[in-house]
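Analysis of the macromolecular model
In case you want the letters, here they are:
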Amino acid sequence: DTIRATSGFGPAHVLATVVYPEIGTRLEDFTEGAWDLQDTPSGLVAPNEMSSGLRDGVTEMGTLLMPYFPAEFPDAALPSELSIVGSGNLVISSAVTEYIATCPDCLAEFARNGQVYLGTDATPPYNLLTTEPVRSVEDVKGMRIRTGAPLYAGFVEAMGGEPTQLPSSELFESLSQGVIAGTFSANHEIIANRLGDVINYVTEVEEGVFNGAAAGTVSGILWMRMSPEDRAALARATQYGIAKGLVGFVEDAAKAREVEGIEFIEMDESLAAAKEAYNEERLAAAAGILTERGVEDAQAKIDRYIALVDKWEGLITEGMTYEALAELRYDEIFAKIDLGAYGS
Amino acid sequence: MRFIETWIGRISAALASLVLLAMMLQIVVDVFMRSFLGAGFPATADLVSRYYMVAISFLPLALTELHRRHIEATIFTDRLRGRARQAVGYLGFAVALAVFVPMTWGTAREALTQTARGAYVEVGTTVFPTWPSYWILPLSFGLICVVLAFRLIGLATGRFELSAHDPLEDLQSDAGETH
Amino acid sequence: MDPITIGLLALVALLVLIGLRVPIGVSLIAVSVLGIWGIAGLRPAMSMLSTIPYSGSASWTLSSIPMFLLMGYIAYHSGLTRGLFEAARVWWSWLPGGLAIASLAGASGFAAVSGSSVACSAAIGRIAIPEMKRNNYDLRIATGSVAAGGTIGALIPPSILLILFGIQSNSSIHALFLGGLIIGLASLGFYILAVLFVWWRKPERLPRVEPYTMGDRWKITLEIWPVLLLILAVLGGLFAGIFTATEAGAFGAFMALALGLLRRSLSWSDFRESLVDTILASGALFIIAIGAGLFTRLVAMSGLSREVGMLVESMGLGTTGLLLIIILIYLALGMFLEPIGALLLTLPLFLPLMAAHGVDKIWFGILVAKLLEIGMITPPVGLNVFVIHSVARDYVKLEQIFAGILPFLAADLALIVMMLLTRGLF
Ligand code: NA
Ligand code: NA
């Protein structure tokens, strides 16, 4: 049987070049050829159509961007609200995956929307990528900066900058024409989105990661067709794909340092202080924001997530291979779940 | 029937005109505010894309049919007369109806779902509701279904005839001969 | 039935429906939904029918299209553009086909403002076609020159197509923009040659304009200050970074409105007519765009594009043979699909092949952009032709515009041959 998959972010994205091919290869391997996977990176389901596309079986596996569907997934989006917690994308991705896969309210949201959750990826930390140097908070004042998630908009606002939302299709042009002076993005985008052509400075504030892409989301219609053994194979293969992608992100971020004409600036004390103050305020407010969205017992859930981040900080070691990471994620998370009952 | 057509035309033209002007003014105001006051008009991109653009894309559908402005290739059917031409007319309107009736139904169901969950997007640090915008679709598709049904009745009763040339062409064209 | 067969049948059905005068948007939607139903079932088909109209139209970037349409209609109804072509006429009167050439040049200027070729055709079309009609130009060449001129809009930067290619292929967008500028200007040159060729064979189609004295020229040129102000404000604001290419449309419409009111040349009925014209053009266009979007989904789902890619690979051709096949494939796809969908569908197939044959990515990106833009003017689905038809349908038929495209299509093919011959030089 062939899974009709949609990594969803175009043929050049890490999801299409690394994550989904790896899921396909491993799945074939684990099921001895009974299942494979065919990815259509773009053209079939756009990111903003993914939730209904998976629900109705237009595609059978895809990348669900949580921030696009806040009304559908208030509980599963909790880790996105806390993306400032944790240090590296390997840790954060694993903690988010364990949190959602073991959170009954989150799983109920996926079931209600005809989907089954198998994992989330995470980007390297976010920095200020700008055309003019940012060496202190003073330099941010009045600067128009494109931000994705509300978290970053709040941070830019707190520093006296001017957050703007722009579709990613206009990012490159807006930077080159000076409509905006910078963007809040991760270093790997300098390589992946060719931002190296238009920005000159990277100020390494390392403020959070993007952890809202549930790269392994499966249509309930497909899940129903799979035996518990097949489901286990798919869950395990998905960890391989995501783990390989996480390492790929880190490698791209490292490559960005070799791009000519970009100065990497370490954040000074004023920026570090602004970041710390903002994060404290943000963490204190998180429970309130989540409760407003309809999340019950928000503080207890936040505490559980933070504990999981600590757990994975301890489990992940320096220089771990992606295969080892994948096996660790599978053993720690999905091997402990009854996959025959999961997702229904 | 004519009375209903007239009002469908008037209302959708008025609504779409308002949307066009609102879109223009809001984008301009946003640009000015951004340039001179430092901050743009709140939620401009979301209001433009999710409300104005959805409206401007579909509200005119019925009006466009009333003016016979939907784009068709007439090259192979121009020479047909009598029954054959009549059949081409029935086919066009029937296929259109067969497309727009399920679209009305499907988008109405989708609008109900989005309304039930109170769909919204996060804009900067605030919340912007999007669920009402989903209702623009069933409304627009419903209007064109009505017009298409009238067209079929018109064909059957002989009140509407499919012409090679647009009826408006004779009225509007200021210069008679073109070649 | 296997998905590939369904995909092929859908192509045939589409041609039949369009031939039987079923509206083109409706034909695309009907065929796509039936095809998806056949491949994946009724539920996915209904799902796409219910969600894609919203997700496809709720787009910030698309908003430039109705705004540029409105700008064009207001400028036209308030007589703002009359002077522009008077001026073009007095300055180009020595050249045969001067007005057609002036509108091509105008389209290129406009291209520097707009990222999409539809907006470009719409704005110039509303301005230029009535003027050419008034001067007894053959309507085929008049409409053809504007539809073809519009394709320059997505080659000369800014270009949504080239930005997407750069991101998908991981190549420099600056280099792509420079290449786009070169190929955009080369297209302009070749199109001018096409006009001159038509004049050489059929001079009666492009009547010469009476020559003018130098004094007349300056007098008439001075009268076009409002249009120059409009173009300067839009271009200036764009390049000064005051607004984006998307916002430029709204700003241009606002400027045109303000100028019409200040000059007291825009009456209430002109204003209402401008609005209704924009609404009717939008009503005719967006349903086709949605249909084309759905059809792209069907092609993706059927695996037709993947199959074609594998077939090409298995032929084991040399670089030139491979490029020729790819050119033919893009020309065929361009007949039916909108450029962005076709680009995203095909890049995963062809980029690895191109890399294996050592073809330069930037050169290939420019070639693909040019080929996809040709698709905007080829039948049966040629969005630029449709937009011209919607602004000029009072006096010209769709098939006449397609006939008017022919000399420009020949010029495009000549340009592509030139690109192939000079490939090593870049
Ligand atoms: Na352009
Ligand atoms: Na075409």
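Residues numbered from 1 in each chain as written. Chains lettered and ligands numbered in written order. Predicted model: local features only at pLDDT ≥ 70, side-chain atom pairs only at ≥ 80, totals over all residues. Heavy atoms only, no water.

Re the overall build of chain C
Filter applied, for reference: By definition, any uninterrupted DSSP run of H or I lasting at least four residues is a helix, any uninterrupted run of E lasting at least two residues is a strand, and each is numbered from the N terminus. Each residue gets one of three labels from its accessible area relative to the maximum for its type: buried under 20%, exposed over 50%, partly exposed in between, using a 1.4 Å probe on protein chains only. Any two residues whose heavy atoms approach within 4.5 Å at even a single point are treated as in contact. Working definition of accessibility: Shrake-Rupley area with a 1.4 Å probe, residue cover restricted to the visible protein chains. Residues counted as positive are Lys and Arg, residues counted as negative are Asp and Glu, and His and the chain ends are not counted. Here the site of a charge means atom NZ of a Lys, CZ of an Arg, CG of an Asp or CD of a Glu.
Along the backbone of chain C there are 20 helices and zero strands. In terms of principal-axis extent, the alpha carbons of chain C reach across some 70 × 50 × 45 Å. In chain C, which comprises 426 residues, the share counted as buried stands at 66%. Counting contacts in chain C only where the partners sit at least 6 residues apart, residues at least 24 apart contribute 79% of the total. When the accessible surface of chain C is summed, it comes to about 14200 Å², and 70% of that surface belongs to carbon and sulfur atoms. Looking at chain C, you have 24 positive and 20 negative side-chain charges, and the mean spots of the two groups are 3 Å apart.

Considering the coordination of the sodium ion (ligand 2)
Residue and element names in this part refer to chain C. Where we set the bar: Donor selection uses N, O and S atoms within 2.8 Å of the metal (3.2 Å for Na, K and Ca). Since no water is included, sites may look incomplete. Angular criteria define each label, namely tetrahedral for four donors with all angles between 85 and 135 degrees, square planar for four and octahedral for six donors with opposite donors over 155 degrees apart and remaining angles between 65 and 115, and irregular for whatever fails these tests.
The sodium ion (ligand 2) binds to the protein through G334 (O), M335 (O), G375 (O), T378 (O), T378 (OG1) and V381 (O), with metal-donor distances spanning 2.2 to 3.0 Å. Classification of the site at the sodium ion (ligand 2) rests on its six donor atoms, whose angles at the metal span 71 to 160°, yielding the label octahedral. Mapped onto the sequence, the residues coordinating the sodium ion (ligand 2) show the spacing G-M-x39-G-x2-T-x2-V. In this pair, G334 is assigned in helix 16 (residues 319-336) and V381 in the loop between helix 18 (361-375) and helix 19 (383-392), connecting sequence segments 47 residues apart. This pair shows no difference in class: G334 is buried, exactly as V381 is.

Looking at the UniProt feature "transmembrane region" (unreviewed entry) in chain B
Residues and elements named next belong to chain B. Put simply, the test is: UniProt positions are given in the numbering used here, feature names are shortened, and annotations may be inferred rather than shown by experiment.
Cross-referencing UniProt, the feature "transmembrane region" (unreviewed entry) maps to residues 7-29, 49-66, 87-105 and 134-153 in the present numbering. Secondary structure within residues 87-105 divides into 100% helix and 0% strand; the distance between the first and last C-alpha atoms comes to 27 Å. For the annotated span residues 134-153, helix accounts for 90% and strand for 0% of the residues, and the straight-line distance between the end C-alpha atoms is 30 Å.

Quick look at the interface of chain A and chain C
Basically, it comes down to this: Two parts placed together each lose some accessible area; with a 1.4 Å probe, that loss summed over both constitutes the buried area. Any Lys or Arg side-chain nitrogen found within 4 Å of a carboxyl oxygen on Asp or Glu counts as a salt bridge. Nitrogen and oxygen atoms within 3.5 Å of one another constitute a polar contact, given that in protein one can donate a hydrogen and the other can accept it, and given that sequence-neighbouring residues count only through two side-chain atoms. Put simply, Ala, Val, Leu, Ile, Met, Phe, Trp, Tyr, Cys and Pro go in the nonpolar bin, Asp, Glu, Lys and Arg in the charged bin, and everything else, Gly too, in the polar bin.
With 37 residues of chain A at the interface, the matching set in chain C holds 36 residues. With both chains or domains summed, chain A and chain C bury close to 3000 Å², and 54% of this area falls on carbon and sulfur atoms. Between the two partners, chain A and chain C, sit two salt bridges. Here R43(C) makes a salt bridge to D56(A), at a shortest N to O gap of 3.0 Å. Counting the contacts that link chain A with chain C gives six residue pairs in polar contact (both at pLDDT 80 or more). Of all the elements, helix 8 (residues 171-177) of chain A adds the most residues to the side of chain A that touches chain C, at five residues. The residue makeup of the side of chain A that touches chain C, split by class, is 14 nonpolar, 14 polar and nine charged.

Considering the sheet that holds strand 3 (residues 61-65) of chain A
Residue and element names in this part refer to chain A. For the record, the criterion: In this analysis, strands are considered paired if DSSP registers two or more bridges between them. In this analysis an axis means a line fitted to C-alpha atoms, helices contributing only their contacting stretch, and an angle means the value between N-to-C directions, from 0 to 180 degrees.
A sheet is described by the order of its strands in space; here five strands give the open sequence 2-1-3-10-4, paired in mixed fashion. With one partner strand each, in any of the chains shown, strand 2 (36-39) and strand 4 (115-117) form the two edges of the open sheet. Averaged over all pairs of adjacent strands, the angle between their axes in this sheet comes to 35°, without regard to strand direction. Relative to strand 10 (residues 213-219), strand 4 runs antiparallel, the two being bridged by three bridges. Directly across from Q115, in strand 10, lies its bridge partner S219.

A word on the packing of aromatic side chains
To describe a pair of aromatic rings, one takes the distance between the centres and the angle between the planes. Using the following cut-off: Between rings of Phe, Tyr and Trp, where Trp is taken as its six-membered ring, a pair exists when centres lie within 6.5 Å; planes separated by under 30 degrees are stacked, by over 60 edge-to-face, and by other angles tilted. For a ring to carry a charge above it, either NZ of a lysine or CZ of an arginine must fall within 6 Å of the ring centroid while also lying within 35 degrees of the normal to the ring plane.
Tallied over the full model, the rule gives 25 aromatic pairs over all chains. Measuring from centroid to centroid gives 4.7 Å for Y126(A) and Y152(A), while their planes differ by 10°, and the two rings are stacked. Of the two residues, Y126(A) is situated in strand 5 (residues 126-130) and Y152(A) in helix 7 (residues 150-158); the sequence distance between them amounts to 26 residues. Each member of the pair Y126(A) and Y152(A) is classed as buried. For the ring pair Y126(A) and F184(A), a centre distance of 6.5 Å and an interplane angle of 25° mean the geometry is stacked. Of this pair, Y126(A) sits in strand 5 while F184(A) sits in strand 8 (residues 182-186), and the two are 58 residues apart along the sequence. Following the ring pairs from residue to residue traces out a cluster consisting of Y126(A), Y152(A), F155(A), F184(A) and Y278(A). R10(B) extends its terminal NZ or CZ atom over the ring of W7(B), reaching a point 5.1 Å from the ring centre. A cation over an aromatic ring shows up here: R423(C) above the ring of W363(C), its NZ or CZ 5.7 Å from the ring centre.

Structural notes on the pairing of strand 9 (residues 201-204) of chain A
Residues and elements named next belong to chain A. Going residue by residue along strand 9, you find Y201 and T203 tucked away on one face and V202 and E204 tucked away on the opposite face as well. Pairing analysis gives four bridges linking strand 9 to strand 11 (residues 263-266), with the strands arranged parallel. Following the sheet pairing, T203 is matched in strand 11 by I265.

Section: the sheet that holds strand 6 (residues 144-146) of chain A
All names here are of chain A. On the basis of which strands lie adjacent, the open sheet formed by six strands has the order 7-6-8-5-9-11 and mixed pairing. Looking along the sheet, the strands with just one partner apiece sit at the ends: strand 7 (162-164) and strand 11. The mean angle between the axes of side-by-side strands here comes to 30°, regardless of whether they run parallel or antiparallel. As defined by bridge partners, strand 5 adjoins strand 9 across three bridges and the pair is classed as antiparallel. When the sheet's bridge partners are listed, T130 is paired in strand 9 with Y201. Together, strand 5, strand 6, strand 7 and strand 8 form the strand contacts of helix 7, whose direction differs from that of strand 7 by roughly 155°.

What to know about the interface of chain C and chain B
If you look at the interface, chain C gives 58 residues, while chain B gives 71 residues. Between chain C and chain B, the buried area comes to about 5900 Å², and carbon and sulfur atoms account for 71% of it. Considering only the side of chain C, the residues that lose the most area to chain B are R21(C), Y54(C) and R393(C), jointly responsible for 15% of the buried surface there. Here chain C and chain B share one salt bridge between them. Among the salt bridges present, the one from E72(B) reaches R21(C), with a minimum N-O distance of 2.8 Å. At the junction of chain C with chain B, the criterion picks out six residue pairs in polar contact (both at pLDDT 80 or more). Among the elements that take part in the side of chain C that touches chain B, helix 14 (residues 268-302) of chain C stands out by supplying 13 residues, more than any other. The residue inventory of the side of chain C that touches chain B, partitioned by class, reads 38 nonpolar, twelve polar and eight charged.

Describing the nonpolar core
Heads up, the condition is: Put simply, a nonpolar core is a bunch of buried Ala, Val, Leu, Ile, Met, Phe, Trp, Tyr and Cys residues held in one set by side-chain atoms that sit within 4.5 Å of each other.
Judged by nonpolar contacts, the single largest core of 297 residues is most densely connected at L234(A), F334(A), Y342(A), F100(B), F295(C), F364(C) and F386(C). Broken down by element, the residue count for this core peaks at 18 residues, all from helix 14 of chain C. Residues in contact with L234(A), not counting those within four places in the same chain, are I3(A), I23(A), L27(A), M61(A), L118(A), V218(A), W223(A) and M226(A). By size, the runner-up hydrophobic cluster in this structure holds 20 residues, among which are I84(A), I145(A), A181(A) and Y278(A).

Details of unusual backbone geometry
Looking along the chain, the bond that leaves P379(C) and enters P380(C) is cis, with omega of 0°. Looking at the secondary structure, you find P380(C) in the loop between helix 18 and helix 19. Although it is not a glycine, E32(A) sits at a positive phi angle of roughly 50°. Take E32(A): it is sitting in the loop between helix 1 (14-30) and strand 2.

Some details on helix 14 of chain C
All names here are of chain C. Worth spelling out the cut-off: Helices are assigned an expected span. That span is 1.5 Å times one less than the residue count.
For helix 14, spanning 35 residues, the distance from its first C-alpha to its last is 51 Å, which sits close to the expected 51 Å at 1.5 Å a residue. Counting buried positions along helix 14 yields 29 of 35 residues, so the element is predominantly enclosed. Among the residues trailing helix 14, G303 stands out with phi positive, at a value near 75°.

Focus: the packing of helix 1 (residues 2-36) of chain B against helix 2 (residues 44-58) of chain B
Residue and element names in this part refer to chain B. Worth spelling out the cut-off: The cut-offs work like this: below 35 degrees is roughly parallel, past 145 is roughly antiparallel, 65 to 115 is roughly perpendicular, and the gaps in between are oblique. Working rule for handedness: look at the near helix, and if it is turned counterclockwise from the far one by less than a right angle, call the crossing left-handed; if clockwise, right-handed.
Remark: helix 1 packs on helix 2, axes separated minimally by 10 Å, with the N-to-C direction vectors making an angle of 160°. When the interaxial angle is binned, helix 1 and helix 2 end up roughly antiparallel. Considering the relative orientation of helix 1 and helix 2, their crossing is left-handed. Here helix 1 contributes A16, V19, L20, A22, M23, Q26, I27 and D30 to the contact with helix 2, which in turn contributes T44, L47, V48, Y52, M53, A55 and I56. Of the residues assigned to the contact of helix 1 with helix 2, the class counts are twelve nonpolar, two polar and one charged.

Quick notes on the confidence of the model for chain B
Stated precisely, the cut-off is as follows: Known as pLDDT, the predictor's per-residue confidence is scaled from 0 to 100.
Model confidence for chain B is summarised by a mean pLDDT of 85, while 89% of its residues fall at 70 or above. This model gives residues 165-179 of chain B a pLDDT under 50, and the stretch forms 18 contacts once residues within four places in sequence are excluded.

A word on the pattern of salt bridges
Scanning all chains against the criterion turns up 29 salt bridges over all chains. The partner of E72(A) in a salt bridge is R117(B), and the shortest N-O contact between them spans 3.0 Å. Within this pair, whereas E72(A) is found in the loop between strand 3 and helix 3 (78-81), its partner R117(B) is found in the loop between helix 4 (82-116) and strand 1 (120-123), the two belonging to separate chains. Since its relative accessible area comes to 10%, E72(A) is described here as buried. In this structure, the salt-bridge partner of E65(B) is R151(B), at a minimum N-O distance of 2.9 Å. In this pair, E65(B) sits in helix 3 (residues 60-66) while R151(B) sits in helix 5 (residues 136-157), placing the two residues 86 residues apart along the sequence. Taken as a pair, E65(B) and R151(B) share a single burial class, namely buried. One connected set of salt bridges, linked through shared partners, spans E65(B), R68(B), E72(B), R151(B) and R21(C).

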